Amino acid sequence: MDRIFDNFEYTIKLGLENNMPLESKLILVGQMHYAMERGDLTIKEVDKLEDLLGVGVKTHKREMEFAVFGYPDDED
């Protein structure tokens, strides 16, 4: 799993150096969550990568709800 984490970390760092657009960051978050579902990353690793990327469930909760459920949970 370390190798997969390292690959994501490398991509994120390189992308940030090159002004990665938000759309690319969101696609990357989706790939990280898919890797977590497959068991290739742990929840803690995904949290670390999202923090490094500056985009994730914490910062885009409503968008993630749309992507997963098709509607936002506006009861928050």
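The structure presented is a predicted model; accordingly, all values stated were derived computationally and were not measured.

## Description of the packing of aromatic side chains
For the coordinates displayed, the defined rule picks out one aromatic pair. Judged by centre distance (6.2 Å) and plane angle (40°), the ring pair of F69 and Y71 falls under tilted. We classify F69 as exposed; its relative accessible area is 54%.

## Quick look at the nonpolar core
Ranked by size, the top nonpolar core spans 13 residues in total, and within it F8, I12, L28, M32, L41, L49 and L53 carry the most contacts. When contributions to this core are tallied by element, the ones reaching two or more residues are α1 (2–17), α2 (22–38) and α3 (43–53). Per element, the largest residue contribution to this core is four residues, and it comes from α2. Once residues within four sequence positions are removed from consideration, M32 is found in contact with F8, I12, L41, V46, L49, E50 and L53.

## Digging into the environment of L28
The topology assignment puts L28 in helix α2. In this structure the C-alpha to C-alpha distance between L28 and D40, which are twelve residues apart in sequence, comes to 15 Å.

Parameters and conventions
Residues numbered from 1 in each chain as written. Predicted model: local features only at pLDDT ≥ 70, side-chain atom pairs only at ≥ 80, totals over all residues. Heavy atoms only, no water. Phe/Tyr/Trp six-rings, centres within 6.5 Å; stacked < 30°, edge-to-face > 60°. Buried < 20%, exposed > 50% of the residue type's maximum accessible area, 1.4 Å probe, protein only. Core = buried A, V, L, I, M, F, W, Y, C linked by side-chain atoms within 4.5 Å. Helix = DSSP H or I, 4+ residues; strand = E, 2+ residues; numbered from the N terminus. Contact = heavy atoms within 4.5 Å.

This is a description of form; function is not addressed.
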